[in-house]
Amino acid sequence: AIVFVVYVTIVIFAMTRIVTALFLKETMAAATDDAEMVIRSKMKEKEGYAQKLLNVFTAIDTSGDGQISLEEFERFVKDPKVISYLAALELETHEPRELFEIMDNGDGSITAQEFVESALRMRGAAQSRDIMYLMRQLRELDRGLQDIYPSWKRSRLKNSFSGRSPR
C-alpha cells in the first residue's frame, strides 16, 4: 500500500510538471506572436504614414517635376486645411521656410525621398524638428569650414616662415 501511494504521488507530481511546462510553452509562444504582431503593426503604420506623405508630396508638387520648390511649398502650407492635415501627420508648419530648409539637402528643392525621410525623422514633438534644423546647419558649417581650412593653414604656414606672428 505504501508503494502504491508513493507511485501515485510521483505520477501526480510528474503530470503537474508536464502540464506546467505545456502551459509555459504556450504562454511564451503567445508572447512571441504578440511581439511579432506589434512589430508588423508598427511597420504597417510606418508604410501607411509614408504613403500619406507621398500623397502630400504629389499635391505640393504642382509643377509635376518630381521636386518641390520653396515657392510651391510656401504656397501649399498657407492653406488652413493643409496645415490641419500636416498637423494630423505630426508635422508642424509654423515656419514653412525653416521646415523646407530642414527637408532640403541643400540644392534648393525637395525630392519625394527627401520629403518622406525627413518627415519620418521629424515626426513628433517640436524638439525633433529643432534638432534636425541644427544638424542641417552644422553640416553646412562643416562644409564651409572644410572649404576654407586649406587656405587658412597655408596662410599660417606662410606667416610662420616670414617671421610674422599668426593672427
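Residues numbered from 1 in each chain as written. Predicted model: local features only at pLDDT ≥ 70, side-chain atom pairs only at ≥ 80, totals over all residues. Heavy atoms only, no water.

Caption draft 1: Fine view of the packing of helix H4 (residues 96–103) against helix H5 (residues 112–122). The geometry of H4 relative to H5 is characterised by a closest axis approach of 9 Å and an angle of 110° between their N-to-C directions. In this view, H4 runs roughly perpendicular relative to H5, as classed from their interaxial angle. Contacts between H4 and H5 pair Leu99, Ile102 and Met103 from the former with Glu114, Phe115, Ser118, Ala119 and Met122 from the latter. In terms of residue class, the contact of H4 with H5 is made up of 6 nonpolar, 1 polar and 1 charged. (Axes fitted to C-alpha atoms, helices over the stretch in contact; angles between N-to-C directions. Helix = DSSP H or I, 4+ residues; strand = E, 2+ residues; numbered from the N terminus. Parallel < 35°, antiparallel > 145°, perpendicular 65-115°, else oblique. Contact = heavy atoms within 4.5 Å. Nonpolar A, V, L, I, M, F, W, Y, C, P; charged D, E, K, R; others polar.)

Caption draft 2: Broad picture of H4. The set of residues buried in H4 consists of Leu99, Phe100, Ile102 and Met103. Here the buried residues of H4 occupy an arc of 160° about the axis, which is enough to place them on one side. (Buried < 20%, exposed > 50% of the residue type's maximum accessible area, 1.4 Å probe, protein only. Arc of directions from axis to C-beta.)

Caption draft 3: Up close: the packing of aromatic side chains. Overall, the coordinates contain 3 aromatic pairs when judged by the stated rule. For the ring pair Phe57 and Phe115, a centre distance of 5.9 Å and an interplane angle of 50° mean the geometry is tilted. Of the two residues, Phe57 is situated in helix H1 (residues 2–60) and Phe115 in helix H5; the sequence distance between them amounts to 58 residues. Each member of the pair, Phe57 together with Phe115, is buried. Residues Phe73 and Phe100 carry aromatic rings whose centres are separated by 5.8 Å and whose planes lie at 50° to one another, so their mutual orientation is tilted. (Phe/Tyr/Trp six-rings, centres within 6.5 Å; stacked < 30°, edge-to-face > 60°.)

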